[in-house]
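# A look at the structure
What follows is each chain in one-letter form.
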Amino acid sequence: MVNYTANEILVNLNEQGILTREDYTFIEYVEQLVKFQEATAKLVIGEENAHLVRMTEVVSRCEAIAREKNLYSNPKVSEGIRALKLISKEIAVAMAGKRGEDRVANTFQYVTRPDAKFFRNVYITDGVEETEMDSVVLTKNGFIILEIKNAKEDITLAPDGRILFNNSSCYHDISIGEKMDKKRRLLRMRLEEEFANRGIDKEVKIDSLLVFSTPSGVRIHVHDQFKQENYCFRGSLFNRIDGFETTVEYSDEELVVLDKILQQIETEQKRFVLTFNPEDVKRAFAEAYEALTYVPETEKKTVEKKAPSKKDNKLVKWLKKYSSPAVAASLVAVSGLAIGAASRIYK
């Protein structure tokens, strides 16, 4: 770890534009967390493969150095490690949601109907209520709202609409039925307004799907006691989209207009305020790093005294030219014989 002051680290992080604001869209937030993770990894672990290092490894390395230098109870070091753990948790939560959405988005490539268009993280508000949809699919027969749920174990849709893992912990305290009703209602209101403004005299047809996204190779069962919401698994989603039909069919010209409407809505992504102060987090890490890499002046002088002379350095560099240990040993032996011979001649 190279010695840097806390201010030098803060300046560097800000120059890279890392966590310089207090509000982001979800996609921007994930990108910022990853950039902070990589920046701290470069400082604590090293430049090589920093993009592959996780924040948990950065935390572990800092804790090890703190124990080694007897700094674990140092207030600045403790605060810095706590800040890194907070970011580690934020990354775990954010990336879990993003991975699930990315896995589902990857299945869109298997949809064969040419009229399908896909929009992610669609935010809708009427000024009073608001909602965000993981994805919206546009087809000539209408719209499909996709609500993506990550799952690694069996799911129960309880009679009251709650989604339970193994009949115990749940995603939300509210009914999934209420949540999906709100999404359909707000999207319908917004589209009906857009239809009226553009002279499209057709019904807004909206359907919705709960999509359970599991890691590759993981199989789960869904026990549906609610029976009011359609659902499918990620692997069969493309079939559900290909087979989607309604009593409405939009023309090619209308589809172009609807595509533009959803593109516009897609840009109106919700910005959320961070639950922590990013400047405090960065400063805590920077001050902890400075404390962990601090070397007292007495130790610096000791190191300087032990440093090899320029003469020794020249010999070391010369010997390093020879990659074979055997060659290097031979050179040392020959040098010894030469010195011995010179000594006898002198005598």
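Higher on the page you've got the structure.
Since we're looking at a predicted model, the values are computed, not measured.

Our focus in this paragraph is the packing of helix H3 (residues 55–68) against helix H4 (residues 75–107). Running from amino to carboxyl end, H3 crosses H4 at an angle of 165°, the nearest separation of the two axes being 9 Å. As summarised for this structure, H3 and H4 are arranged roughly antiparallel, according to the angle between their axes. The interaxial crossing formed by H3 with H4 has left-handed handedness. Contact with H3, carried on its side by Met55, Thr56, Val58, Val59, Cys62, Glu63 and Ala66, involves Val77, Ile81, Leu84, Lys85, Ile87, Ser88 and Ile91 of H4 and no other residues of that element.

Attention now moves to unusual backbone geometry. For Asn70, which is not glycine, the phi dihedral falls at a positive 60°. Mapped onto the elements, Asn70 comes out in the loop between H3 and H4. Taking the relative accessible area as the measure of exposure, Asn70 reaches 68% and is therefore exposed. Positioned with a positive phi, Asn121 is a non-glycine residue whose angle comes to about 55°. Along the polypeptide, Asn121 turns up in strand S2 (residues 117–125).

Moving on, we come to the pairing of S2. Here S2 pairs with strand S3 (residues 130–139) via 8 bridges, running antiparallel. Within S3, the position partnered with Phe119 by the bridge is Val136. Where S2 hands over to S3, the hairpin turn is made up of 4 residues, of which Gly127 adopts a positive phi near 95°.

Turning next to the nonpolar core. Membership of the largest hydrophobic core comes to 40 residues, with the highest contact counts inside it found for Phe36, Met55, Val58, Leu84, Ile87 and Phe285. Those elements giving two or more residues to this core turn out to be helix H1 (6–15), helix H2 (26–44), H3, H4 and helix H8 (278–293). It is H2 that provides the largest number of residues to this core, a total of 8 residues. The residues contacting Leu84, other than those within four sequence positions of it, are Phe36, Thr40, Met55, Val58, Val59, Cys62 and Phe285. Ranked by size, the runner-up nonpolar core spans 34 residues in total, among them Met133, Leu186, Ile200 and Ile265.

Remark: H2 packs on H3, axes separated minimally by 9 Å, with the N-to-C direction vectors making an angle of 35°. For the pair H2 and H3, the crossing hand works out as left-handed. Counted together, Phe36, Gln37, Thr40, Ala41 and Val44 of H2 and Met55, Val58, Arg61 and Cys62 of H3 form the full contact between these two elements. Residues of the contact of H2 with H3, tallied by class, amount to 6 nonpolar, 2 polar and 1 charged.

Moving on, we come to the pattern of salt bridges. The final tally for this structure, using the stated rule, is 21 salt bridges. Ionic pairing is found between Glu279 and Lys282, a salt bridge with its closest N-O pair at 3.1 Å. In this pair, Glu279 and Lys282 both sit in helix H8, 3 residues apart, roughly one turn of the helix. Residue Glu279 is classed as partly exposed on the basis of its relative accessible area of 36%.

Turning our eyes to something else, we now look at H4. The end-to-end C-alpha separation of H4 is 48 Å, in line with the 48 Å expected for 33 residues at 1.5 Å each. Capping the start of H4 is the job of one residue whose side-chain oxygen sits 2.9 Å from the backbone nitrogen of Lys76: Asn74.

So, about the sheet that holds strand S5 (residues 155–157). Taking strand neighbours across the sheet as the criterion, the 3 strands line up as S6-S5-S8 in an open arrangement whose pairing is mixed. Only two strands of the sheet have a single partner each, and these edge strands are strand S6 (163–165) and strand S8 (222–224). Direction aside, neighbouring strands of the sheet carry axes that sit 20° apart on average. Taken together, the 3 bridges between S5 and S8 define a ladder with parallel strand orientation. Note on S8: the bridge partner recorded for Ile155 is Val222.

Reading the values: rules and limits
- Residues numbered from 1 in each chain as written.
- Predicted model: local features only at pLDDT ≥ 70, side-chain atom pairs only at ≥ 80, totals over all residues.
- Heavy atoms only, no water.
- Axes fitted to C-alpha atoms, helices over the stretch in contact; angles between N-to-C directions.
- Helix = DSSP H or I, 4+ residues; strand = E, 2+ residues; numbered from the N terminus.
- Parallel < 35°, antiparallel > 145°, perpendicular 65-115°, else oblique.
- Left-handed = near helix turned anticlockwise from the far one by under 90°.
- Contact = heavy atoms within 4.5 Å.
- Buried < 20%, exposed > 50% of the residue type's maximum accessible area, 1.4 Å probe, protein only.
- Pairing = 2+ DSSP bridges.
- Core = buried A, V, L, I, M, F, W, Y, C linked by side-chain atoms within 4.5 Å.
- Nonpolar A, V, L, I, M, F, W, Y, C, P; charged D, E, K, R; others polar.
- Salt bridge = Lys/Arg side-chain N within 4 Å of Asp/Glu carboxyl O.
- Expected span 1.5 Å × (residues − 1).
- Polar contact = N/O pair within 3.5 Å; in protein donor to acceptor, adjacent residues only side chain to side chain.

Taken by themselves, the reported measurements are silent on function.
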